[in-house]
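Okay, here's what each chain looks like letter by letter:
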Amino acid sequence: MRVKLKVTGIVQGVGFRPFIYRMAVRNGLAGYVRNRGDAGVEVLLEGEEERIQSFMRDLIEKKPPLAQIEKINHIELSGKNEYQHFIIFQSSQEAETSGSIIPPDIAICNQCLKELRDPKDPRFEYFFITCTDCGPRFTIIERLPYDRENTTMREFPLCGFCQKEYEDPSNRRFHAQTVACPTCGPKAYLTTNMGELVQTKDPMRMAGKLLSEGNIFAVKGYGGFHIASSTVLEQPLLRLRTTKHRQEKPFAIMAKSLQAAETFAEVGLREREILTSSARPIVLLNKSPTYNLSPIVAPHLHNVGVMLPYTGLHYMLFDQVADTAFVMTSANPANQPIVKDNKAALKILGGSVDYFLFHNREIAQRCDDSVMRVHGNRQVFLRRSRGFAPAPIRLKQKSKRCVVGLGGELNNTSCVLLEDKAFISQHIGDVENIETRSFLQEATSHLQRLTNCQAETVACDLHPKFNTTLLAKEMAQTDGLGLVQVQHHHAHAAALMAEHGLDDVVAVVCDGYGYGSEGGAWGGEILHCNLESTEFTRLGHLEAQPLLGGDLASRYPMRLVAGMLQKAGVNVEDWLIQNSEHLPYGEIEAKLILQQLKVGKGTVETTSCGRFLDAIAAVLGVCFERSYEGEPAMKLESIALAGKDILEIQPQLKGDILDTSRLMRLVFDNLGRVSAADLAYSAHAYLAKGLAAMAIQGANAKNIKNLGFSGGAAGNQILAQLIREIVEAAGLRFFVHEAVPAGDGGVSFGQAVVAGFSKL
Ligand SMILES: [Zn+2]
Ligand SMILES: [Zn+2]
Ligand SMILES: [Zn+2]
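Small disclaimer: the values here were computed from a predicted structure and weren't measured.

Caption draft 1: Local environment of the packing of aromatic side chains. Counted according to the given criterion, the structure contains 15 aromatic pairs. Centre to centre, the rings of Phe217 and Tyr355 are 5.3 Å apart; their planes meet at 25 degrees, and the pair counts as stacked. Here the residue Phe217 occupies a position in strand β7 (residues 217-220), and Tyr355 occupies one in strand β13 (residues 355-359), the gap between them amounting to 138 residues. Every member of this aromatic cluster is reached through a ring pair, and the members are Tyr189, Phe225, Phe356 and Phe358.

Structural data, given as structure tokens:
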């Protein structure tokens, strides 16, 4: 019997071909296996029918841990048997292009971890131990096909021992492009902040000890450098805050182990699964009552971002110290991409660290850690990067054209949409300057090369001045591409539709800022969208509130409060003067604001949900300055989690507008009478009830059964939970993001979807 199989899914770069080989040999079959250009694997089997059936069972039951089989296409062939043995065809250039799937970086597997600890193993205590089941992928690949000479491992020719394993189909390291050992592989070393070598036989453990004693390190990882420090000593943490100019922004930490994490944080079942998954993202965990790390790690927040070690190097850092966790935050100067090269690290980071823990393997692609949290039992992406990028999001339908989406401005990514696959780049950051713009360009071209995407259309934001819009227009002109500009919140809703295979949706889209259809500042929107249309209908929105001083109001939310209170009919003068210490220029500034309020002209307005929550945070005294993206709203959520809906205000709808002045007024009137936690929760509840009511009304009027929640505010647990309860009680289907970020990291995907699926 002769059978040809086509297996699709994640089956390349995950040890799938050697697995097929082993199963074929085990079942006494001849034939071949090879990678196909469309990211699948082709298998020809020759042998008795029973043996082929047994092979098919093995294929499903014994597949390698990282492989994901989506479909097996099975054709019986006529003709005579041709093969004596079973062989693995090498990947050819032709076979690996066009929409090929590049695996993301994968955390050290259990078998490698065992070998790392085994004194009899040749890779005992080797920091860069990897195999076909684990190790860096995306961050070392320069071009396709994925062979060693096309990766930054090319600098390390295999020794005899590694070569033997590499060539042995029965070995776990057969064709593992990252295979290396202490003899032939990359080396780690410790230097001072000036780059002078510190003599030690054991750089990892030495670094661990120095960290534990209060030194600050730059540690080179897979996708770039981390800044590391103690999580319990005040002195290095305060130094870090000063040198990183991060007064309050929480630091991500790496815990020694799951057990260690449980000593200071609450780890639920779902969180445990995500923490220990091969992607090893940072997971936001609630601080536990026994939280014993310094409050400086994540100030005024109920949670802390924790990840587990994902390389041999990371594990070894903890070997000889009592610390349960170290700070492990991306090493990037303000508004710059993460540092990835040794030379640049010395220059840029030398002034703010005491030591470097380097290794001599180059990083081809920089890649920040991913960040997730769990709502109920659902995973929520706050940042989708290492461990996920550039694995594609699979869509239900095929795109009408190949599109590149360049995203918005903050927390940006780019996206290549090719047929039914959307490849979202790693985290790029805020595209506000030349460095991040270059990074966006590089990452996007690289993604296009990897996927062999010949884009016909480039999609971008509606904002005329965004760097990404200007870049898209340049690309459209120089490469003769079609240009599609997509309204920011429409992109969010489109991302939601595509992720869930919906044809239409009524979406609640809430975030900080997006350029509206007529140029207004939007951010609390109810939109009706259809997958096949570049148009959408704005069914409703939050009441527009004054942004006194424009960008200043976004930074100092006391300005928002002043404007909103006056609009709500409160005489703000006494209150503002009394609270003027919370403005950067105190009473002088307060008087200027009052004057502006009297004139009342020329103030920009916004329907932003984020700005409204910022204002509530300020009026409650929770946060007076937004020193990092989302800060007031995050701190507000932290205190609201301890509260309840004590005010029980019924939402006031004026046509298609949710009245927020009334809410602000009621919160203000109850200051001091009702706890800040209850007021914070009541404000969330009001917004959730009002937004849900408007969306349900819109969905019913248009007879649409799908209702969704997107935008950065969908990462807010209270809003997401309350809106879900109301929508489901109304008998509608409720959708949130699970595969892409709800925030602006998902915008490039949404833009590409609008440009790819609509009838242009
Ligand atoms: Zn491994
Ligand atoms: Zn070797
Ligand atoms: Zn947004």
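Further notes follow.
Caption draft 2: Quick peek at the coordination of the zinc ion (ligand 1). Around the zinc ion (ligand 1), the donor atoms from the protein are Cys109 (SG), Cys112 (SG), Cys131 (SG) and Cys134 (SG), and they sit 2.3 to 2.4 Å away. Given 4 donor atoms and angles of 103 to 119 degrees at the metal, the environment of the zinc ion (ligand 1) is assigned as tetrahedral.

Caption draft 3: A look at helix α22 (residues 676-701). Helix length check: α22, at 26 residues, gives a terminal C-alpha distance of 38 Å against a target of 38 Å (1.5 Å per residue), a fit within 8%. Counting buried residues along α22, 21 of its 26 residues qualify, which places the element largely inside the surrounding structure. Of the residues one or two after α22, Asn703 is the one with positive phi, at around 55 degrees.

Caption draft 4: Spotlight on the coordination of the zinc ion (ligand 2). Coordination sphere of the zinc ion (ligand 2), protein contribution only: Cys159 (SG), Cys162 (SG), Cys181 (SG) and Cys184 (SG), at 2.2 to 2.4 Å. Taken in sequence order, the residues that donate to the zinc ion (ligand 2) follow the motif C-x2-C-x18-C-x2-C. For the residue pair Cys159 and Cys162, the accessibility class agrees, reading buried in each case.

Caption draft 5: Fine view of the confidence of the model for the chain. Scored by pLDDT, the chain comes out at a mean of 94, with 98% of its residues at no less than 70. Note on residues 93-98: pLDDT is under 50 here. Beyond four places in sequence and across chains, it has 19 contacts.

Caption draft 6: Molecular detail of the pattern of salt bridges. Taken as a whole and assessed by the stated rule, the structure comprises 45 salt bridges. The closest approach of N and O atoms between Arg143 and Glu142, which form a salt bridge, is 3.8 Å. Note on Glu142: relative accessible area 24%, which makes it partly exposed.

Caption draft 7: Structural context of the pairing of strand β20 (residues 457-461). Where burial is concerned, most of β20 is hidden: 5 out of the 5 residues are buried. In the sheet, strand β17 (residues 403-405) pairs with β20 via 3 bridges, with the strands oriented parallel. By the bridge assignment for β20, Gly405 is matched with Ala459. In this fold, the crossover linking β20 to strand β21 (residues 482-486) by way of helix α13 (residues 467-479) has right-handed handedness.

Caption draft 8: Summary view of the sheet that holds strand β6 (residues 188-192). Taken together, 10 strands build an open sheet; the order of strands is β6-β13-β7-β8-β12-β9-β11-β10-β14-β15 and the sheet is mixed. At either margin of the open sheet sits one strand with a lone partner, and together these are β6 and β15 (378-383). Each neighbouring strand pair of the sheet contributes to a mean axis angle of 35 degrees, computed without reference to strand direction. The sheet strands contacting helix α6 (residues 203-212) are β6, β7, β8 (225-230), β12 (325-330) and β13, and the helix crosses β6 at an angle near 40 degrees.

Caption draft 9: Inspection of the sheet that holds strand β5 (residues 86-88) at higher detail. With mixed pairing, the 5 strands of this open sheet are ordered in space as β4-β1-β3-β2-β5. A strand with exactly one partner marks an edge of an open sheet, and here the two such strands are β4 (68-77) and β5. Averaged over neighbouring strand pairs, the angle between their axes works out to 15 degrees when direction is ignored. Two elements, strand β1 (residues 2-10) and strand β3 (residues 41-46), share 6 bridges in a ladder whose sense is antiparallel. Looking at β3, one finds that Leu5 is bridged to Val43. Running at roughly 175 degrees to β5, helix α1 (residues 16-26) makes contact with β1, β2 (30-35), β3, β4 and β5 of the sheet.

Caption draft 10: Quick look at the side chain of Thr178. With respect to the helices and strands, the residue Thr178 is situated in the loop between α5 (160-167) and β6. Ignoring anything within four residues of it in the chain, the contact list for Thr178 reads Phe128, Thr130, Cys131, Cys134, Pro136, Arg137, Ile140, Tyr146, Arg148 and Met153.

Caption draft 11: Geometry of the nonpolar core. The biggest cluster of nonpolar side chains holds 75 residues, and the ones touching the most others in it are Leu5, Phe16, Ile20, Val43, Phe55, Phe217 and Leu357. Here Val43 is in contact with Val3, Lys4, Leu5, Ile20, Tyr32, Val33, Phe55 and Phe86, once residues within four sequence places are set aside. Listed in part, the 73 residues of the second largest apolar core include Cys510, Leu547, Ala618 and Ala742.

What counts, and where the lines are drawn
Residues numbered from 1 in each chain as written. Chains lettered and ligands numbered in written order. Predicted model: local features only at pLDDT ≥ 70, side-chain atom pairs only at ≥ 80, totals over all residues. Heavy atoms only, no water. Phe/Tyr/Trp six-rings, centres within 6.5 Å; stacked < 30°, edge-to-face > 60°. Helix = DSSP H or I, 4+ residues; strand = E, 2+ residues; numbered from the N terminus. Donors = N, O, S within 2.8 Å, 3.2 Å for Na, K, Ca; no water. Tetrahedral: all angles 85-135°; square planar, octahedral: opposite > 155°, others 65-115°. Expected span 1.5 Å × (residues − 1). Buried < 20%, exposed > 50% of the residue type's maximum accessible area, 1.4 Å probe, protein only. pLDDT = per-residue confidence, 0-100. Contact = heavy atoms within 4.5 Å. Salt bridge = Lys/Arg side-chain N within 4 Å of Asp/Glu carboxyl O. Pairing = 2+ DSSP bridges. Right-handed = clockwise from strand over helix to strand, strands pointing away. Axes fitted to C-alpha atoms, helices over the stretch in contact; angles between N-to-C directions. Core = buried A, V, L, I, M, F, W, Y, C linked by side-chain atoms within 4.5 Å.

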